[in-house]
Amino acid sequence: MAPSGDVWLSDYDVCAREAQEIIEKINERNRLLRTGSSHSKISGEIRLALRQFSRYLNNLKQDLMRASTSYHLTQREFDRRQDMLDNLISKEKQLNDAFLNDSHGNAGSVSSTRTSLLHQGPRGTSFNPFDQEEPEDTRTMTVTDIRSQQQQIIQEQDQGLEALSQVISRQKQMGQHIGDELDEHNEIIDDLTSHIGRTDQRLLKETKHIKKVDKKSGNCAMMVIIVLLLIAIVIVAVVPFH
């Protein structure tokens, strides 16, 4: 039986019972004469039941997809229900094949089909989805508790992602701040380089000026010495010796 409150599992039970009723009607049809009135009537009933069964399957598919996103089923539970759904899809094909078989000479085939419908799983093995053992951590929990647990897990994941987003945002701001400081330092270095270049040019200019002054100073000293020597010669020549 489906857990209380789980609509999908309840609908699955209805669909599974519908498949059982269809195969019983097919077996009953094949026991009647093909030209009998009762045979025609039950064939119409089977046709309508197959259409209803197909609608049930489509509803189960859509509900399972919605449950996986809205109700936050665990991956294990989703896979289990998908196997259950695959089993019904396989039964649908076998039911249609059995319905299209002629009533004459097909008793063995129908019996084999019935056995396959009742016992074959989605992968060709014996399968009863309600015989599978439920995990211990959810065995005593209701569907509402499981959904609340899933909601809590998602909220914790959202909080973790929000914290990670804040960390990344702070790191981005730090990176931008460091980039701005590097730009300022680069501007300072460019100013220093320009100032050093101008200072170097001034030093070269002053060095050339000093060399010129030094050369002129040497020439002046020589002129003073020559003048002094001329004065000494004049004095020696003018002053008589006694």
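Here's what I pulled together on the structure shown here. As the structure is a prediction and not an experimental result, all values here were calculated from the model.

### A look at the pattern of salt bridges
Inspection of the entire model under this criterion finds four salt bridges. Residue Arg-80 is joined to Glu-77 by a salt bridge in which the shortest nitrogen-to-oxygen separation is 2.9 Å. One end of the pair, Arg-80, and the other, Glu-77, are both in helix α3 (residues 75–100), three residues apart, so they sit about a helical turn from each other. Measuring nitrogen to oxygen at the nearest pair gives 3.3 Å for the salt bridge that ties Asp-97 to Lys-93. With Asp-97 and Lys-93 both in helix α3 and four residues apart, this pair spans about one turn of that helix.

### What to know about the side chain of Arg-29
The topology assignment puts Arg-29 in helix α1 (residues 7–31). Looking at Arg-29, the relative accessible area reads 3%, which means it is buried. Of the polar contacts made by the side chain of Arg-29, one reaches the backbone oxygen of Ala-98; its length is 3.5 Å. Here Phe-99 takes part through its backbone oxygen, which lies 2.7 Å from a polar atom of the side chain of Arg-29. When neighbours within four sequence positions are excluded, Arg-29 is seen to be in contact with His-39, Ile-42, Ser-43, Ile-46, Ala-98, Phe-99 and Asn-101.

### As for a negative patch on the surface
Residues Asp-180, Glu-181, Asp-183, Glu-184, Glu-187, Asp-190 and Asp-191 make up a contiguous surface patch of negative charge. Following the sequence through the fold, Asp-191 ends up in helix α6 (residues 143–238).

### Points about the environment of Ala-98
Along the chain, Ala-98 turns up in helix α3. Linking Ala-98 and Asn-30, residues 68 residues apart in sequence, is a C-alpha distance of 9.8 Å.

### Here we look at a positive patch on the surface
On the surface, Lys-208, Lys-211, Lys-212 and Lys-216 cluster together to form a positively charged patch. We classify Lys-212 as exposed; its relative accessible area is 57%.

### Digging into the nonpolar core
In this structure, Ile-22, Ile-26, Phe-53 and Leu-95 are the most contacted members of the largest nonpolar core, which totals 23 residues. Within the residue set of this core, elements represented by two or more residues are α1, α2 (37–70) and α3.

### What about the packing of α1 against α3?
Here α1 crosses α3 at 20°, and the two axes come no closer than 11 Å. Taken together, the axes of α1 and α3 are roughly parallel relative to one another. Here α1 runs over α3; the crossing is left-handed. The segment α1 lies against α3, with Trp-8, Leu-9, Tyr-12, Cys-15, Ala-16, Ala-19, Ile-22, Ile-23, Ile-26 and Arg-29 engaging Arg-80, Arg-81, Met-84, Leu-85, Asn-87, Leu-88, Lys-91, Leu-95, Ala-98 and Phe-99. Considered class by class, the residues forming the contact of α1 with α3 number 15 nonpolar, one polar and four charged.

### Overview of the packing of aromatic side chains
Any two aromatic rings considered together are summarised by their centre-to-centre distance and by the angle between their planes. For the coordinates displayed, the defined rule picks out one aromatic pair. Ring plane angle 15° and centroid distance 5.9 Å describe the contact between Trp-8 and Tyr-12, whose orientation is recorded as stacked. Here Trp-8 pairs with Tyr-12, and both are found in helix α1, just four residues apart, close to one helical turn. As far as burial versus exposure is concerned, Trp-8 and Tyr-12 are alike and both buried.

Parameters and conventions
Residues numbered from 1 in each chain as written. Predicted model: local features only at pLDDT ≥ 70, side-chain atom pairs only at ≥ 80, totals over all residues. Heavy atoms only, no water. Salt bridge = Lys/Arg side-chain N within 4 Å of Asp/Glu carboxyl O. Helix = DSSP H or I, 4+ residues; strand = E, 2+ residues; numbered from the N terminus. Buried < 20%, exposed > 50% of the residue type's maximum accessible area, 1.4 Å probe, protein only. Polar contact = N/O pair within 3.5 Å; in protein donor to acceptor, adjacent residues only side chain to side chain. Contact = heavy atoms within 4.5 Å. Patch = residues over 30% accessible without salt bridge, like charges linked within 9 Å, V, L, I, M, F, W, Y side chains within 5 Å. Areas by Shrake-Rupley, 256 points an atom, 1.4 Å probe, with all protein chains shown as cover. Lys, Arg positive; Asp, Glu negative; His and termini not counted. Charge placed at Lys NZ, Arg CZ, Asp CG, Glu CD. Core = buried A, V, L, I, M, F, W, Y, C linked by side-chain atoms within 4.5 Å. Axes fitted to C-alpha atoms, helices over the stretch in contact; angles between N-to-C directions. Parallel < 35°, antiparallel > 145°, perpendicular 65-115°, else oblique. Left-handed = near helix turned anticlockwise from the far one by under 90°. Nonpolar A, V, L, I, M, F, W, Y, C, P; charged D, E, K, R; others polar. Phe/Tyr/Trp six-rings, centres within 6.5 Å; stacked < 30°, edge-to-face > 60°.

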